[in-house]
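Chain and residue survey
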Amino acid sequence: NEHSFIAVKPDGVHRRLVGEIIRGFEKKGFRLVGMKLVQASEDLLREHYRDLRDKPFFNGLVRNMSSGPIVAMVWQGLDVVKMSRKMLGETNPADSLPGTIRGDYCLEVGRNVIHGSDSVESAQREISLWFRQNELQCWEDSSGHWIYE
Ligand code: GTP
Ligand code: MG
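Predicted model only: the values in this text are computed from it and were never measured. (Residues numbered from 1 in each chain as written. Chains lettered and ligands numbered in written order. Predicted model: local features only at pLDDT ≥ 70, side-chain atom pairs only at ≥ 80, totals over all residues. Heavy atoms only, no water.)

**Quick look at the overall build of the protein**
Let me state the cut-off plainly: What counts as a helix is a DSSP run of H or I of at least four residues, what counts as a strand is a run of E of at least two, and both are numbered from the N terminus. The globule rule is 2.2 Å times the number of residues to the power 0.38, and the radius of gyration it is compared with is taken over C-alpha atoms.
Of the regular secondary structure elements, the protein holds seven helices and four strands. Reading the protein from its N terminus to its C terminus gives the helix and strand order β-α-α-β-α-α-β-α-α-β-α. For 149 residues, the compact-globule estimate of 2.2 N^0.38 gives 15 Å, and the protein sits close to it at 15 Å. Expressed as lengths along the three principal axes of its C-alpha atoms, the size of the protein is roughly 45 × 35 × 25 Å.

**Overview of the packing of helix α2 (residues 18–28) against helix α5 (residues 80–88)**
Filter applied, for reference: In this analysis, axes come from line fits to C-alpha atoms, helices being fitted only over the stretch in contact, and the angle between any two N-to-C directions falls in the range 0 to 180 degrees. Roughly parallel means an angle under 35 degrees; roughly antiparallel means over 145; roughly perpendicular covers 65 to 115; every other angle is labelled oblique. Left-handed describes a crossing whose near helix is turned anticlockwise from the far helix through less than a right angle; right-handed describes the clockwise counterpart. Every residue pair with non-hydrogen atoms within 4.5 Å of one another is taken to be in contact.
Where α2 contacts α5, the axes come no closer than 12 Å and their chain directions differ by 135°. As judged from the angle between their axes, α2 and α5 are oblique. Considering how the two elements wind past one another, α2 and α5 form a crossing that is right-handed. In this structure, α2 uses G24, F25 and K28 to contact α5, whose residues at the interface are M83, S84, M87 and L88.

**Here we look at α2**
As a reminder of what qualifies: Relative accessibility under 20% of the residue-type maximum defines a buried residue, over 50% an exposed one, and the middle range a partly exposed one, all with a 1.4 Å probe and only protein chains included. Here, the arc refers to the directions that run from the helix axis to the C-beta atoms.
Within α2, burial applies to I21, I22 and F25. One face of α2 carries all of its buried residues, which in axial projection span an arc of 95°. Contacts from the buried residues of α2 go to β1 (3–8), β2 (31–38), β3 (70–76), α5, α6 (101–105) and β4 (114–116).

**Focus: the site of ligand 1**
Condition: Throughout, near means a residue has at least one heavy atom within 4 Å of the molecule or strand. Any pair of N or O atoms that falls within 3.5 Å is considered a polar contact. Within protein, one atom must be able to donate a hydrogen and the other to accept it, and sequence-neighbouring residues count only if both atoms are side-chain atoms. Note on areas: Shrake-Rupley, 1.4 Å probe, and residue coverage restricted to the protein chains presented here. Gly is put with the polar residues, along with every residue not named as nonpolar or charged; the nonpolar set is Ala, Val, Leu, Ile, Met, Phe, Trp, Tyr, Cys and Pro, and the charged set is Asp, Glu, Lys and Arg.
In the neighbourhood of ligand 1, the contacting residues comprise K9, Y49, L52, F57, L61, R85, T91, R102, V109, N112, H115 and G116. With respect to ligand 1, the side chain of N112 contributes an N or O atom lying 2.8 Å from an oxygen atom. The separation between an oxygen atom of ligand 1 and a polar main-chain atom of G116 is 3.1 Å. Look at ligand 1: alone it shows 590 Å² of surface, and the protein chains cover 74% of it. Grouping the constituent residues of the shell around ligand 1 by class yields five nonpolar, four polar and three charged.

**Let's talk about the side chain of R31**
Just so we agree on the cut-off: Positive charges are assigned to Lys and Arg, negative charges to Asp and Glu, while His and the chain termini are left out of the count. For this document, the term salt bridge refers to a Lys or Arg side-chain nitrogen within 4 Å of an Asp or Glu carboxyl oxygen.
Mapped onto the secondary structure, R31 falls in strand β2. In this structure, R31 is buried with no salt-bridge partner, the nearest side chain bearing the opposite charge being D141 at 4.1 Å. Among all residues touching R31, those that are not within four sequence positions of it are V74, W75, Q76, W139, E140 and D141.

**A word on the sheet that holds β2**
Filter applied, for reference: Pairing between strands requires that DSSP locate at least two bridges from one strand to the other.
Pairing is antiparallel in the open sheet, where four strands are placed in the order β2-β3-β1-β4. Only two strands of the sheet have a single partner each, and these edge strands are β2 and β4. Strand-to-strand, the axes of this sheet are offset by a mean angle of 15°, without reference to chain direction. Note that β2 and β3 share seven bridges and pair antiparallel. In the strand pairing of β3, M35 is matched with M73. α2 rests against β1, β2, β3 and β4 of the sheet, and its axis sits at about 5° to β3. Against the sheet, α5 engages β1, β3 and β4, with an angle of about 30° to β1.

Structure below.
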């Protein structure tokens, strides 16, 4: 019943990667339980990335993330936090293997197209930051039997 917060960043939206990214999570077998297109405020982004507030790139990061719409999503499934980090690749696209999202679609760390929670605890914090409880859908997965043994 693990959840992760996944977001297509403004560069990913501008580059029309939303469909491809959602397709990857669906193909894997994860279940979409929340999704919206949002223009995030700088306050929300400063809170979202609060652990990085002392980094030299923090202001640029907040500016970039507020420069356009973000597709904010919650995905559910077995080990979804760890698996989605694997699917994303490394923080720096240059270190990301082909076959990962960052390995396949981008070149620079400040334009790495997607965010994924880095732990179950951050996922919970981020989901409650970006979504209200009534924006998350708990739908019956009738094909779950074909995905889980
Ligand atoms: P997110 O999924 O976005 O949280 O990335 P991450 O968990 O792989 O990395 P981290 O949380 O450490 O950094 C958050 C974001 O800050 C990264 O995705 C980058 O966009 C940006 N960032 C991290 N390190 C650097 C850096 O050294 N330089 C620049 N310009 N941006 C960085
Ligand atoms: Mg992070």
